[in-house]
Amino acid sequence: MKEEEVNRCQIQEWYPKFKSVSIRTQIHELPESFIQYLLDDSGPFLLPVSIYNDDALPNRIHNPEEEEDYQVSEGSGDESEQPSPPPSFPELELKIKESIESLGGAIFPKLNWSAPKDSAWISTTGSLRCTTFSEIALLLRSSESLIHDLCHAYDSCGDKSSSRPQNFFLALRKWYPSLRPEMEFRCFVRGQNLVGISQREVTTFYPILLEKKIELKRLIQQFYEDFERLKFESENYTFDVYVTKDERIKVLDFNPWGAFTLPLLFDWEELEMNTREEGNNVDFRIVETQCAVRPGLKTAVPYDYLDTSTGSGWDQFLRNADEELQRQTRSSEAGA
Ligand SMILES: Nc1ncnc2c1ncn2[C@@H]1O[C@H](COP(=O)(O)OP(=O)(O)OP(=O)(O)O)[C@@H](O)[C@H]1O
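In this text the structure is predicted, and so the values were computed from the model without any measurement.

Colleague: Got a minute to help me understand the overall build of the chain in this structure?
Modeller: A count of helices and strands for the chain gives 9 helices and 8 strands. Looking at the chain as a whole, 29% of its 336 residues are labelled buried. In the chain, of all internal contacts separated by at least 6 residues, the share reaching a separation of at least 24 is 72%.

Colleague: Which parts of the structure should I look at to understand the sheet that holds strand β8 (residues 283-285)?
Modeller: Either a parallel or an antiparallel arrangement is found when strands of a sheet pair, and the pairing is made through backbone hydrogen bonds. Judged by pairing direction, the sheet is mixed, and its 5 strands sit side by side in the order β7-β6-β4-β5-β8 without closing on themselves. With one partner strand each, in any of the chains shown, β7 (249-256) and β8 form the two edges of the open sheet. Each adjacent strand pair in this sheet contributes to an overall mean axis angle of 20 degrees, direction not counted.

Colleague: Please explain the site of the ligand as it appears in this structure.
Modeller: Of all residues adjacent to the ligand, which total 17 residues, the nearest are Phe-108, Ser-114, Ala-115, Arg-173 and Tyr-176. Looking at the shell around the ligand, the elements that each hand over two or more residues are β2 (107-110), β3 (169-174) and β7. Taken together, the residues that form the shell around the ligand break down as 7 nonpolar, 2 polar and 8 charged. Two domains share the shell around the ligand, each providing at least three of its residues, namely domain 1 (3-177 + 307-335) and domain 2 (181-292).

Colleague: Help me understand the environment of Gln-222, please; the structure alone is not making it clear to me.
Modeller: In this structure, Gln-222 sits in helix α7 (residues 207-231). With 71 residues separating them in the primary sequence, Gln-222 and Cys-151 have C-alpha atoms 37 Å apart.

Colleague: Can you help me understand helix α4 (residues 90-102) in this one?
Modeller: In an α-helix, one turn spans 3.6 residues; hence positions three or four apart end up facing the same way. For α4, spanning 13 residues, the distance from its first C-alpha to its last is 19 Å, which sits close to the expected 18 Å at 1.5 Å a residue. Looking at the buried positions of α4, the neighbouring elements they touch are β1 (25-29), α3 (32-39), β2, α5 (133-142) and β3. Backbone geometry just after α4 places Gly-104 at a positive phi near 95 degrees.

Colleague: Explain the sheet that holds β2 to me, please; I cannot follow it from the model alone.
Modeller: The antiparallel open sheet is built from 3 strands, whose spatial order is β1-β3-β2. One side of each edge strand has no neighbouring strand; the edge strands of this open sheet are β1 and β2. Averaged over all pairs of adjacent strands, the angle between their axes in this sheet comes to 20 degrees, without regard to strand direction. The pairing of β2 with β3 spans 4 bridges and is antiparallel. Each bridged residue has a counterpart across the sheet, and for Lys-110 the counterpart in β3 is Ala-171. This element, α4, spans β1, β2 and β3 of the sheet and lies at about 175 degrees to β1.

Colleague: What is the right way to look at the domain arrangement of the chain in this model?
Modeller: The accessible area lost on association of the parts is a frequent measure of interface size. When the domains of the chain are assigned, the result is domain 1 (3-177 + 307-335) and domain 2 (181-292). A per-class count over the side of domain 1 that touches domain 2 returns 6 nonpolar, 3 polar and 3 charged.

Colleague: What should I look at first to understand the pairing of β3 in this one?
Modeller: Remark: a regular strand shows side chains that alternate across the two faces of the sheet. In the sheet, β1 pairs with β3 via 5 bridges, with the strands oriented antiparallel. Bridge pairing in β3 links Thr-25 to Arg-173.

Colleague: Looking at this model, I keep getting lost on the nonpolar core. Mind explaining?
Modeller: Buried together is how nonpolar side chains tend to be arranged in soluble globular proteins. Ile-136, Cys-187, Ile-220, Tyr-237 and Val-241 are the most contacted members of the largest nonpolar core, which has 57 residues in total. If you tally residues by element for this core, the top one is α5, at 6 residues. Two domains each donate at least three residues to this core, and these are domain 1 (3-177 + 307-335) and domain 2 (181-292). Once you skip the residues sitting within four places of it in the chain, Ile-136 turns out to touch Ile-96, Pro-109 and Cys-130. Judged by nonpolar contacts, the second largest core, of 5 residues, contains Val-202, Leu-264, Ile-286 and Val-287.

Colleague: Sorry, what's going on with the confidence of the model for the chain here?
Modeller: Atomic detail in the predicted coordinates should be set aside for any region of low pLDDT. Mean pLDDT over the chain works out to 83, with 76% of the residues at or above the 70 mark. Confidence over residues 55-77 falls short of pLDDT 50; this stretch has 19 contacts with residues more than four positions distant or in other chains. Here residues 298-308 scores under 50 on pLDDT; set against residues more than four positions off or in separate chains, the count is 17 contacts. Scoring the predicted complex yields pTM 0.81 and, for the interface, ipTM 0.98.

Colleague: Would you mind showing me how to read the environment of Val-241 here?
Modeller: Along the chain, Val-241 falls in strand β6 (residues 237-243). Each C-alpha atom of the pair Val-241 and Ala-115 lies 16 Å from the other, and the pair is 126 residues apart in sequence. Setting aside residues up to four positions removed in sequence, Val-241 forms contacts with Phe-185, Cys-187, Ile-220, Phe-223, Ile-249, Lys-250, Val-251 and Leu-252.

Colleague: Is there a simple way to think about unusual backbone geometry in this case?
Modeller: For residues that are not glycine, phi is negative in most cases, and the peptide bond is trans in most cases. A positive phi angle, close to 60 degrees, is found at Gln-192, a residue other than glycine. Look at Gln-192 and you get partly exposed, because 15 C-beta atoms sit within 10 Å. One non-glycine residue, Glu-247, adopts positive backbone phi at about 65 degrees. As for its placement among the helices and strands, Glu-247 is situated in the loop between β6 and β7. Using a count of 11 C-beta atoms within 10 Å as the deciding quantity, one classes Glu-247 as exposed.

So, how was this worked out
Residues numbered from 1 in each chain as written. Predicted model: local features only at pLDDT ≥ 70, side-chain atom pairs only at ≥ 80, totals over all residues. Helix = DSSP H or I, 4+ residues; strand = E, 2+ residues; numbered from the N terminus. Buried ≥ 20, exposed ≤ 12 C-beta atoms within 10 Å, placed from the backbone. Contact = placed C-beta atoms within 7 Å. Pairing = 2+ DSSP bridges. Axes fitted to C-alpha atoms, helices over the stretch in contact; angles between N-to-C directions. Near = placed C-beta within 6 Å. Nonpolar A, V, L, I, M, F, W, Y, C, P; charged D, E, K, R; others polar. Domains from an automatic or database assignment. Expected span 1.5 Å × (residues − 1). Core = buried A, V, L, I, M, F, W, Y, C linked by C-beta atoms within 7 Å. pLDDT = per-residue confidence, 0-100.

This is how it looks when you write it as structure tokens:
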């Protein structure tokens with residue numbers, strides 16, 4: 001696989017071309033200080049200080065010296081006891097706040113390639129729905145799967161020249177509360193031919209897919225002929241689509257062929273062999289019976305989460321996160 005093929009699957013690269021057939025998204029370049037914050041696992045877990053009131057336009061720039069909570073006593077003699085000051089990213093926070101408002105008040109966050117799916121369990125809603133910068137920071141900072149984007153994006157590239165992209169971006173996608181998982185599909189393109197389509201959520205049997213199989217296949221194939229073929233430059237790649245109630249197709253994501261991309265109801269060897277000639281049938285796969293469901297391919301809750309007993313590490317992590325949230329709530333109430 002080539003770096004350029006991996007690069008094309010970054011949301012800041014593909015979204016401008018597919019905007020009209022995707023879901024509303026605003027993309028912000030991330031400062032290096034924020035990337036370092038995401039990567040830093042030394043010391044306690046600190047959420048960034050929110051410098052704006054949550055429910056108003058920016059009206060107060062936080063000044064640590066004016067608030068008791070932030071005063072660091074000088075010369076106490078034991079510097080190692082002093083917690084490091086919480087980080088703050090005022091410019092980024094303002095841009096994000098404005099974007100969230102313009103996207104209707106709730107968003108789904110994502111870096112260049114990936115969403116922090118593995119940290120949904122930590123949010124109060126158990127989902128990736130975010131309404132504030134702090135919620136986004138909590139999800140991003142808690143996610144192991146984003147380490148792939150941050151440090152290993154090019155690991156499968158034969159021409160790898162760096163471990164990370166030049167710039168990182170945060171995509172804020174309008175939150176859709178009622179996406180039906182059975183209407184998401186992964187499409188496999190080889191040699192610029194659509195060779196396979198798989199149900200995306202393979203852990204469940206959805207009878208409606210049996211009923212609509214022929215129609216869904218026709219819709220997706222038509223979409224590929226109309227939009228995809230001319231616009232996405234790689235020879236081999238995958239893209240994920242969502243079929244709306246009124247039978248429109250929305251592109252959710254692009255992924256490189258092979259490597260970290262899950263082949264779902266296929267395996268890569270059989271997809272490699274499928275060199276579909278023009279006009280041949282596209283292989284459309286769904287879970288056809290209750291007995292054919294696949295086990296979950298990704299774990300949503302880290303194993304350690306199951307063990308929150310004293311000494312497990314998670315007890316301290318959860319206490320720190322809780323204290324930080326309470327402290328920030330107190331400080332924003334004091335400033336309101
Ligand atoms: N805007 C949204 N609102 C609500 N849910 C969403 C939204 N966008 C995506 N999702 C849900 O989140 C899932 C993961 O999204 P997405 O494919 O963008 O993440 P990803 O990290 O790139 O995943 P993968 O690496 O498996 O492709 C989607 O399958 C969809 O169910």
